Amino acid sequence: MDFNMKKLASDAGIFFTRAVQFTEEKFGQAEKTELDAHFENLLARADSTKNWTEKILRQTEVLLQPNPSARVEEFLYEKLDRKVPSRVTNGELLAQYMAEAASELGPTTPYGKTLIKVAEAEKRLGAAERDFIHTASINFLTPLRNFLEGDWKTISKERRLLQNRRLDLDACKARLKKAKAAEAKATLWNDEVDKAEQELRVAQTEFDRQAEVTRLLLEGISSTHVNHLRCLHEFVESQTTYYAQCYRHMLDLQKQLGRFPGTFVGTTEPASPPLSSTSPTTTAATMPAGPSGAGLAPPGEAALRLEEVAPPASGTRKARVLYDYEAADSSELALLADELITVYSLPGMDPDWLIGERGNKKGKVPVTYLELLS
């Protein structure tokens, strides 16, 4: 019991001494041991690494899960060391609604068939998103969290110890200075000087040891950067794979919809090409999608055979191709940006499409990819 009381009294005395030293330093009434420039640079780089890691981690979490309530729920599950329940992605939920709508509105109608096709694509997009979130969480978010909750906590602990050792060292320096001043005034040997010098030597040794430990941990930030660089490459790779899957799924869906007969009642005016800041030679991956109504005949009528199509006596026009276009099937004409072709319309054609001719080749072409010339 007496030992514990003495220890508590000693700890309280040390804390009070550190508090006095810290306060006097703030008011410029006490000297402060400064760390070398290299050590200060290591501290600054460590602080910067910690701050930016936190920001990148938080924003990546927002990217992967925009819903703040869901993020809080996942955070609580992780703190309780429990498995996060599987959650339906927005794409999968949209696919479910579209499939149910098609079932109720008529799966054999043109609208119902299209809903089913789009629902299947959205389901695949949702599955791709789920895989991306899972991969990014393991390969990118987890290492960042491990640094903040592991290495950084260790560094912070050792930095606090170093700060305490420095305060103890400077307090010993101040006591020795006062003891020497008292000795000079008394003109006799003061035992306090010996005691103060011994305390200073001990404090200096403990400070040097703690400074070396902290320095090694701070220099380990370079290894942290290397690890985070590897994780960043893996994150980019998973994101690239995700967007590539999305592109393929949507391209497949676009081609499927492009083969359906035109069933929409639309304006007889050709659709205006979308505004774009890109040059006419922009690749097809960034071009507007072709119209979904690609048929030559109204529903219920046999499709017109291209080999039997003859241009009208009047009504043909020249058109300049704005963007590259890849034909979805043999009934369409592939286009190259900036080439000139002859175009015309036929009775019953979808207004979003024209017949295009280039030499002895002929096929359907989307109006949005053309600039009609007078």
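Cut-offs used in this document
Residues numbered from 1 in each chain as written. Predicted model: local features only at pLDDT ≥ 70, side-chain atom pairs only at ≥ 80, totals over all residues. Heavy atoms only, no water. Helix = DSSP H or I, 4+ residues; strand = E, 2+ residues; numbered from the N terminus. Buried < 20%, exposed > 50% of the residue type's maximum accessible area, 1.4 Å probe, protein only. Contact = heavy atoms within 4.5 Å. Areas by Shrake-Rupley, 256 points an atom, 1.4 Å probe, with all protein chains shown as cover. Core = buried A, V, L, I, M, F, W, Y, C linked by side-chain atoms within 4.5 Å. Axes fitted to C-alpha atoms, helices over the stretch in contact; angles between N-to-C directions. Parallel < 35°, antiparallel > 145°, perpendicular 65-115°, else oblique. Left-handed = near helix turned anticlockwise from the far one by under 90°. Nonpolar A, V, L, I, M, F, W, Y, C, P; charged D, E, K, R; others polar. Pairing = 2+ DSSP bridges. Expected span 1.5 Å × (residues − 1). Arc of directions from axis to C-beta. Salt bridge = Lys/Arg side-chain N within 4 Å of Asp/Glu carboxyl O. Phe/Tyr/Trp six-rings, centres within 6.5 Å; stacked < 30°, edge-to-face > 60°.

Colleague: Describe in detail the overall build of the protein, supporting the description with residues and values.
Modeller: The secondary structure content of the protein amounts to seven helices and five strands. Looking at the protein residue by residue over its 374 residues, the buried ones come to 33%. In the protein, the proportion of contacts linking residues at least 24 apart, taken out of those at least 6 apart, comes to 72%. A total accessible area of about 23,500 Å² is found for the protein, and carbon and sulfur atoms account for 57% of it.

Colleague: I'd love a proper account of the nonpolar core, names of residues and values included.
Modeller: Core analysis: the largest hydrophobic core is formed by 34 residues, its most contacted members being Phe39, Phe132, Phe140 and Leu218. Elements with a contribution of two residues or more to this core: α2 (37–64), α5 (110–186), α6 (191–219) and α7 (221–258). For this core, the element with the most residues is α5, which contributes 16 residues.

Colleague: I'd love a proper account of the packing of α2 against α7, names of residues and values included.
Modeller: Closest axis-to-axis distance for the α2/α7 pair is 12 Å, and the angle between their directions is 20 degrees. With respect to α7, the element α2 is oriented roughly parallel. For the pair α2 and α7, the sense of crossing is left-handed. Along the contact surface, α2 presents Arg45, Ala46, Thr49, Thr53, Thr60 and Leu63, while α7 presents Ile221, Ser222, His225, His228, Phe235 and Gln239. Grouping the constituent residues of the contact of α2 with α7 by class yields four nonpolar, seven polar and one charged.

Colleague: I'd love a proper account of the pairing of strand β4 (residues 361–366), names of residues and values included.
Modeller: The side chains of a regular strand alternate between both faces of the sheet. Where strand β3 (residues 353–358) lies against β4, six bridges are found, and the strand directions are antiparallel. When the bridges of β4 are listed, Leu354 appears paired with Val365.

Colleague: Describe the environment of Leu161, and please don't skip the residues or the numbers.
Modeller: Mapping Leu161 onto the fold places it in helix α5. Accessibility expressed as a relative area gives 29% for Leu161, which makes it partly exposed. Along the chain, Leu161 and Thr214 lie 53 residues apart, while their C-alpha atoms are 9.0 Å from each other.

Colleague: Can you tell me about the sheet that holds β3, naming the residues and giving the values?
Modeller: Read from one edge of the open sheet, five strands run β4-β3-β2-β1-β5, paired in antiparallel fashion. The open sheet is flanked by β4 and β5 (370–372), the only strands paired with a single partner. Strand-to-strand twist across the sheet, computed as the mean angle between neighbouring axes with direction ignored, equals 40 degrees. Where strand β2 (residues 340–344) meets β3, three bridges bridge the pair, whose relative direction is antiparallel. Counted as the bridge partner of Tyr344 is Ile355 from β3.

Colleague: Mind laying out helix α4 (residues 90–105), listing which residues take part and the relevant values?
Modeller: In this model, α4 (16 residues) spans 22 Å end to end at C-alpha, consistent with the 22 Å of a helix rising 1.5 Å per residue. Taken together, the buried positions of α4 are Gly91, Glu92, Ala95, Met98 and Ala102. Taken around the axis of α4, the buried residues stretch over an arc of 120 degrees, which confines them to a single face. Counted as exposed and oriented over 90 degrees from the buried face of α4: Asn90 and Glu104. A positive backbone phi angle near 120 degrees is found at Gly106, which sits one or two residues after α4.

Colleague: An account of the pairing of β3 is requested, with residue identities and associated values reported.
Modeller: By the criterion of burial, β3 is predominantly enclosed, with five of the six residues buried. Between the antiparallel neighbours β3 and β4 lie two residues, among them Gly359 with a positive phi of about 65 degrees.

Colleague: An account of the pattern of salt bridges is needed here, citing residue identities and associated values.
Modeller: Scanning the model with the defined rule gives 14 salt bridges in all. For the salt bridge of Arg159 with Asp47, the shortest nitrogen-to-oxygen distance reads 2.7 Å. Residue Arg159 is found in helix α5, and its partner Asp47 is found in helix α2; the two are separated by 112 residues along the sequence. The salt bridge partner of Glu61 is Arg58, with a shortest N-O separation of 3.6 Å. Placement of the pair is Glu61 and Arg58 together in helix α2, with a separation of three residues, close to one helical turn. Judged by its relative accessible area of 18%, Glu61 falls in the buried class. The network of salt bridges with shared partners includes Arg58, Glu61 and Arg145.

Colleague: Account for the packing of aromatic side chains, naming residues and giving values.
Modeller: Aromatic rings in a pair are described by how distant their centres are and how their planes are angled relative to each other. According to the stated counting rule, one finds seven aromatic pairs in the structure shown. Seen from their ring centres, Phe132 and Tyr242 are 5.0 Å apart, and the 5 degrees between their planes marks the pair as stacked. Taken as a pair, Phe132 in helix α5 and Tyr242 in helix α7 lie far apart in primary sequence, 110 residues in all. Given a relative accessible area of 14%, Tyr242 falls into the buried group. With a centroid separation of 5.1 Å and an interplanar angle of 45 degrees, the aromatic rings of Tyr242 and Tyr243 are classed as tilted.

Colleague: Let's hear about unusual backbone geometry: which residues, and what values?
Modeller: Even without being glycine, Asp338 reaches a positive phi, approximately 80 degrees. Mapped onto the secondary structure, Asp338 falls in the loop between β1 (317–321) and β2. Asp338 gets classed as partly exposed once you look at its relative accessible area, which sits at 40%.

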